[in-house]
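A closer look at the structure
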Amino acid sequence: MLNFHIITIFPEVCKSYTDTGILGRAQKTYKGKGSKVRGKKISVSYYDPRDFTSDKHKKVDDKPYGGGPGMVMSAKPILKAWQKAVGRKKNKKQIKTLILSPRGKIFDQKLAKQYAKKYENLVLISGRYEGIDARVKKALRAEEVSVGNYVLSGGELPAMTIIDAVAREIPGVLGERSSLEDRRVTSGEVYTRPDTVIYGSKKYVVPKVLLKGNHKEIESYRRKK
Ligand code: SAM
């Protein structure tokens, strides 16, 4: 089982995503086909740095040393949130801490597989404003990870992207039917009923080969595509 721990000042933005669909199901014990009981595959917990502040305004940011625009997320509330999440875990080798950052290593399927296989606890720290005090990375020996060469307003969407991709690599998360089909990138285009769609003055039809039911031909068509 893989435990995801998300440190964010906007947990409510993420919860509805992780409670839905495949991720939601993976957090529950449920009956699969043939009444086979499937155990939990993942857990997802949230830690809001505001809950780890000591002032009455629950301040989580401050001005940058050396000047410059914007505010920086303070180290202390994040470090305390990390302690709460995994500080008591004995086997530190089972913990991977990621800081979402546009400067980080680009996240890809290979990393998703690696995280799913190697760790029991994945901590994702979402930044806001001008980013996170650099001492968090040093203190936690965290890795900076980016979801692409663009800048977003916060680390919440990147965290969701990583959780989704990593969870799909955990055996059993995709259920019985799918494993192989759902995991691969679909080759070529996909179609469903009806076989003709009229839009405006045009007709859009499904390629004939897909309607004939000849699996050899279909396979070779898809490979070509
Ligand atoms: N100038 C800041 C910097 O270079 O980090 C921009 C910070 S951005 C407005 C706020 C937060 O969004 C970052 O701290 C990071 O957590 C997240 N973020 C933005 N773009 C990202 C990306 N491509 N991948 C991962 N996280 C990203």
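Residue numbers here run from 1 along each chain, matching the order of that chain's written sequence. Where local features are concerned, this predicted model is filtered to residues with pLDDT of at least 70; where side-chain atom pairs are given and counted, the filter is 80 or more; whole-chain, interface and lining totals use all residues. Side-chain measures here rest on the full set of heavy atoms in the structure, leaving out hydrogens and waters.

**As for the site of the ligand**
- Note on terminology: near, applied to a residue and a molecule or strand, indicates that one of the residue's heavy atoms is within 4 Å of it. The local shell around the ligand holds 20 residues, among which Leu 100, Arg 103, Gly 127, Tyr 150 and Leu 152 are the closest.
- A distance of 3.3 Å separates a nitrogen atom of the ligand from a polar backbone atom of Ser 101.
- Between a nitrogen atom of the ligand and a main-chain N or O atom of Leu 152, the distance comes to 2.9 Å.
- About the coverage of the ligand: the protein hides 87% of its 570 Å² of free accessible area.
- Secondary-structure elements contributing two or more residues to the shell around the ligand are β7 (95-106) and β9 (143-146).
- Residue contributions to the shell around the ligand peak at 4 residues, all from β7.
- When residue character is reported, Ala, Val, Leu, Ile, Met, Phe, Trp, Tyr, Cys and Pro are called nonpolar, Asp, Glu, Lys and Arg charged, and the others, Gly included, polar. Tallied by class, the residues present in the shell around the ligand amount to 9 nonpolar, 8 polar and 3 charged. Under this definition, polar contacts are N or O atom pairs within 3.5 Å; protein pairs additionally need one hydrogen-donor-capable and one acceptor-capable atom, and for neighbouring residues in sequence, both atoms have to be side-chain atoms. To be clear on the numbers: accessible area is Shrake-Rupley with a 1.4 Å probe, and residue cover counts the displayed protein chains and nothing else. A run of H or I in DSSP becomes a helix once it reaches four residues, and a run of E becomes a strand once it reaches two; helices and strands are each numbered from the N terminus.

**A word on the domain arrangement of the chain**
- Under the domain assignment, the chain is made up of domain 1 (2-179) and domain 2 (185-224).
- Domain start and end points were adopted from an automatic or database domain assignment. Here domain 1 and domain 2 have C-alpha centroids that lie 39 Å from each other.

**A look at the pattern of salt bridges**
- By definition, a salt bridge exists where a carboxyl oxygen of Asp or Glu is found within 4 Å of a side-chain nitrogen of Lys or Arg. Within the structure shown, the criterion is met by 10 salt bridges.
- Glu 144 is the partner of Arg 103 in a salt bridge, and the nearest nitrogen-oxygen pair spans 3.8 Å. One end of the pair, Arg 103, is in strand β7; the other, Glu 144, is in strand β9, with 41 residues separating them in the sequence.
- Throughout this description, buried means an accessible area under 20% of the type-specific maximum (1.4 Å probe, protein chains only), exposed means over 50%, and partly exposed covers the range between. On the basis of relative accessible area, Arg 103 is assigned to the exposed category, the value being 64%.
- As a salt-bridge pair, Glu 169 and Lys 113 come within 3.8 Å of each other at their nearest N and O atoms. Highlighted residues: Glu 169 in the loop between α6 (156-167) and α7 (175-183) and Lys 113 in helix α4 (residues 109-118), separated in sequence by 56 residues.
- Judged by relative accessible area, Glu 169 falls into the buried class, the value being 13%.

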